[in-house]
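# A look at the structure
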Amino acid sequence: MEPWGEPFLDPLHGHQAQGSLICNAATVPQQAPAFLLILIYLGFVSLGFPDGALGAAWPQMRAGLGLPVGLAGILTMVATLLSAASSLSSTAIIKRGRTGVVVLVSGCLTGGALVMIARAPSFVWLVVAAVPLGLGAGAVDASLNGYVARHYSGRHMNWLHACWGIGATAGPLVMTQAVRSPDGWRGGYLALGAAQLMLALIFLVTLRLWDTAETSRPTTTQATTGTNPPNSEAGWLSPLIFAVYVGVELMVGLWGASLLVESRGVAPAAAGLASSAYYGAITIGRIMVGTVVNRWGNRRMVRLGLGIALLGAALLFRANTAALGTAALLLIGLGLAPVYPCLMHEVPRRFTPDGGLVVVARQSSAAYLGCALLPAAIGWLAQRRSLETLPVAVIAGLLCLLLVVGRLDRVS
C-alpha cells in the first residue's frame, strides 16, 4: 500500500515535501552516491507491486483455490498490521545507520513472500506468506523514506512517492498479462518475486555504498507556523481523515476489479487493466497537482479532488462495461491523488512544532488502522451481501471526508 511520511522543508526549493523520521524541520541533505538514488527509486517501485497486484489477481486466484470472495480483505489486514509493526520496530536500527541492512533484509522477505504466494496450495499458505510480505514492506517503507529525507532534496522525496504509484500501476499490468497465460496468477507472482529477489541481490552488492553515505548527518532548523496543540479538536480530526482516506483508497484498489468481474460481467483481463488505470491515475494526478498546488493551495486541491472522486464513485454505480468501469476508476484515482500529500503538507501549518510530531504519529497509526480494517469490512459485507456494497461504501467514505476536512479547515 502507499508509504506514509512526515513533512519536511526542502532547503533548496523553499517548499515542504513528504519525508520520514523528520517532522517540522528543514533538512540539509548530504548527497549520497547518485547510483544509490536509482536503487532507492527501484525499491519504492517494487514496494508498490504487491499493492496493485492482489486486486487484479484475486478473481482468478480465489476461483482456483476455491475461496470466498471476501478473504482478500483478511490477507490485506494481516500484511498491513505487520507493516505497521515493522515500520515502528525498524526505527531503532535505522537510527544506528544501518539502512542498507534493513533494505536488504526487507527485499529478501518480500521477494520470498511473493514466491510463496505463487506456490500457495491453500488460504492458510497465503496467510503465512502475508507475514514476511508485511514485515518486509513496512521496514523498507520506513528505511527508504528516512534515507531520502537525510540525504536528498525534497524534489527527490516527491519523486520517490511517485515511484510507489508506478509500482502499484505496474503490478496489475504484470498480473493482467499473467492471468492470460497458462501459468495464470501464479506466474505473475513468481515474476514479481523474482524481480524483488534480484533487487535484493543488487542491494547486497552495493551495501557498502549505504554505509558510506550514512557517515554524514543532517542538521535541522525549526520551520513550523501552526498554533494548534495536539489535543485540540484539530489534533483528533486529522488522524480520522487519514484513517478514512487510506481505507477508501485501498478498498477501491483491492475490490474494484472484483466488482467489475463478479457483479458486472467484465472479463478479468479488462478488469485488471481498469485496476491498473486506477493506480496510474493516482500517480499521474499527483504529478499534475505538483505543478499547480503552490498557486491553488493545499486545501482547495483537497476539496476539488474529493469532488472529482465522488463523480467517479457515482459513475461506478452504473459501470456495467469495461469502458465505464475504467472511466469510473480513473476519476476516483485522479480525485484521490491530492488528498494524502496535500493534507500531510498542511500539518506544520496547522499545529505547533511538538504538536506536529504527535499528530503525524497519530496519522500514521490511524492510516494503518484504516488500511487494515476498512477493506476487510468490505470483504465481509461482500460475503454477506454482494460486492455492490463497494460503491456505497466509497461514496459514504468520500462524503465523510468532505465533512471532516471542512470542519478541520474551519478549526485550524
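Our structure is the block above this text.
Residues numbered from 1 in each chain as written. Predicted model: local features only at pLDDT ≥ 70, side-chain atom pairs only at ≥ 80, totals over all residues. Heavy atoms only, no water.

## Notes on the packing of aromatic side chains
Put simply, the test is: By convention, a stacked pair of Phe, Tyr or Trp rings (six-membered ring in the case of Trp) has centres within 6.5 Å and planes under 30 degrees apart, an edge-to-face pair has planes over 60 apart, and any other such pair is tilted. Strands are runs of DSSP state E lasting at least 2 residues, helices are runs of H or I lasting at least 4, and numbering of each runs from the N terminus. Each residue gets one of three labels from its accessible area relative to the maximum for its type: buried under 20%, exposed over 50%, partly exposed in between, using a 1.4 Å probe on protein chains only.
Here the structure, examined in full by the defined rule, presents 4 aromatic pairs. Relative to Tyr340, the ring of Tyr245 lies with its centre 6.4 Å away and its plane at 40 degrees, an arrangement referred to as tilted. Here Tyr245, found in helix H8 (residues 233–262), pairs with Tyr340, found in helix H12 (residues 339–345); they are 95 residues apart in sequence, far enough to count as distant. Residues Tyr245 and Tyr340 agree in their burial class; the two are buried. Among the aromatic residues, those joined into a cluster by ring pairs are Phe242, Tyr245 and Tyr340.

## With respect to the packing of helix H10 (residues 298–318) against helix H11 (residues 322–336)
To be explicit about the condition: Think of each axis as a best-fit line through the C-alpha atoms, taken over the contacting stretch in the case of a helix, with angles from 0 to 180 degrees between the N-to-C directions. Oblique is the label for any angle not covered by the other classes, which are roughly parallel (under 35 degrees), roughly antiparallel (over 145) and roughly perpendicular (65 to 115). Left-handed describes a crossing whose near helix is turned anticlockwise from the far helix by less than a right angle; the clockwise case is right-handed. Residues count as neighbours in contact if any of their non-hydrogen atoms are within 4.5 Å of one another.
Viewed as axis vectors pointing N to C, H10 and H11 meet at an angle of 160 degrees, and their least axial separation amounts to 7 Å. Taken together, the axis directions place H10 and H11 in an arrangement best described as roughly antiparallel. Once H10 is placed against H11, the crossing between them reads as left-handed. Residues Gly305, Leu306, Ile308, Ala309, Leu311, Gly312, Ala313, Leu315, Leu316 and Arg318 of H10 pack against Leu324, Ala327, Ala328, Leu329, Leu331, Ile332, Gly335 and Leu336 of H11.

## What about a nonpolar patch on the surface?
For clarity, the cut-off: Any residue with relative accessible area above 30% and no salt bridge may belong to a patch, with like charges joined within 9 Å and the nonpolar Val, Leu, Ile, Met, Phe, Trp and Tyr side chains within 5 Å. Method for areas: the Shrake-Rupley scheme with a 1.4 Å probe, in which residue coverage is limited to the protein chains shown. Note on definitions: salt bridges are taken to be side-chain nitrogens of Lys or Arg within 4 Å of carboxyl oxygens of Asp or Glu.
Residues Phe35, Ile38, Leu42, Met198, Ile202 and Leu209 make up a contiguous nonpolar surface patch of about 530 Å² in total accessible area. Those elements that place two or more of their residues in the nonpolar patch are helix H1 (34–65) and helix H6 (184–205). Take the nonpolar patch: its biggest share by element is 3 residues, from H1.

## Considerations on the packing of helix H9 (residues 268–296) against H11
To characterise two packed helices, one gives the angle between the axes of the helices and the distance between these axes. Note the following rule: Ten residues, namely Ala, Val, Leu, Ile, Met, Phe, Trp, Tyr, Cys and Pro, are considered nonpolar, four, namely Asp, Glu, Lys and Arg, are considered charged, and the remaining ones, Gly among them, are considered polar.
Direction vectors running N to C along H9 and H11 enclose 25 degrees, while the axes themselves pass 7 Å from each other. Taken together, the axis directions place H9 and H11 in an arrangement best described as roughly parallel. The way H9 lies across H11 gives a crossing that is right-handed. Contacts from Ala270, Ala274, Ser275, Ala277, Tyr278, Ala281, Ile282, Gly285 and Arg286 in H9 reach Ala322, Thr326, Leu329, Leu330, Ile332, Gly333, Leu334 and Leu336 in H11. Residues that form the contact of H9 with H11 fall into these classes: 12 nonpolar, 4 polar and 1 charged.

## Describing the nonpolar core
The following threshold applies: In this text, buried Ala, Val, Leu, Ile, Met, Phe, Trp, Tyr and Cys residues form a nonpolar core when linked through side-chain atoms within 4.5 Å.
Formed by 108 residues in total, the largest nonpolar core has its most connected members in Trp58, Met61, Met175, Tyr189, Trp255 and Leu398. When residues in this core are grouped by element, the largest group, 17 residues, is from H8. Those residues in contact with Leu398 that sit more than four places away from it in its chain are Val248, Leu306, Ala309, Leu310, Ala313 and Leu336.

## A word on H9
As a reminder of what qualifies: Every helix has an expected span of 1.5 Å times one less than the residues it contains. Two axes define the bend at a residue: one fitted to the seven residues ending there, one fitted to the seven starting there, and the bend is the angle between them.
Taking 1.5 Å per residue as the helical rise, H9 with its 29 residues ought to reach 42 Å, and the 39 Å between its terminal C-alpha atoms agrees with that figure. The sharpest bend along H9 comes to roughly 45 degrees, located at Gly290. Positioned one or two residues after H9, Gly297 has a phi angle of 95 degrees, which is positive.

## Some words on the side chain of Thr110
For Thr110, the location among the structural elements is in helix H3 (residues 99–118). For Thr110, a relative accessible area of 7% puts it in the buried group. The residues contacting Thr110, other than those within four sequence positions of it, are Pro132, Leu133, Gly136, Ala137 and Gln196.

## A look at H6
The end-to-end C-alpha distance of H6, which contains 22 residues, comes to 33 Å, matching closely the 32 Å that a straight helix rising 1.5 Å per residue would cover. Along H6, the positions that sit buried rather than exposed are Gly184, Trp185, Gly188, Tyr189, Leu192, Gly193, Gln196, Leu199, Ala200 and Phe203.

## A word on the pattern of salt bridges
According to the stated counting rule, one finds 6 salt bridges in the structure shown. Of the charged contacts, one joins Arg264 and Glu388 as a salt bridge, the two residues approaching to 2.7 Å between their closest N and O atoms. One end of the pair, Arg264, is in the loop between H8 and H9; the other, Glu388, is in the loop between helix H14 (353–384) and helix H15 (389–411), with 124 residues separating them in the sequence. Arg264 sits in the buried class, given a relative accessible area of 12%. Ionic pairing is found between Arg299 and Asp409, a salt bridge with its closest N-O pair at 3.8 Å. Taken as a pair, Arg299 in helix H10 and Asp409 in helix H15 lie far apart in primary sequence, 110 residues in all. Look at Arg299 and you get partly exposed, because its relative accessible area is 23%.

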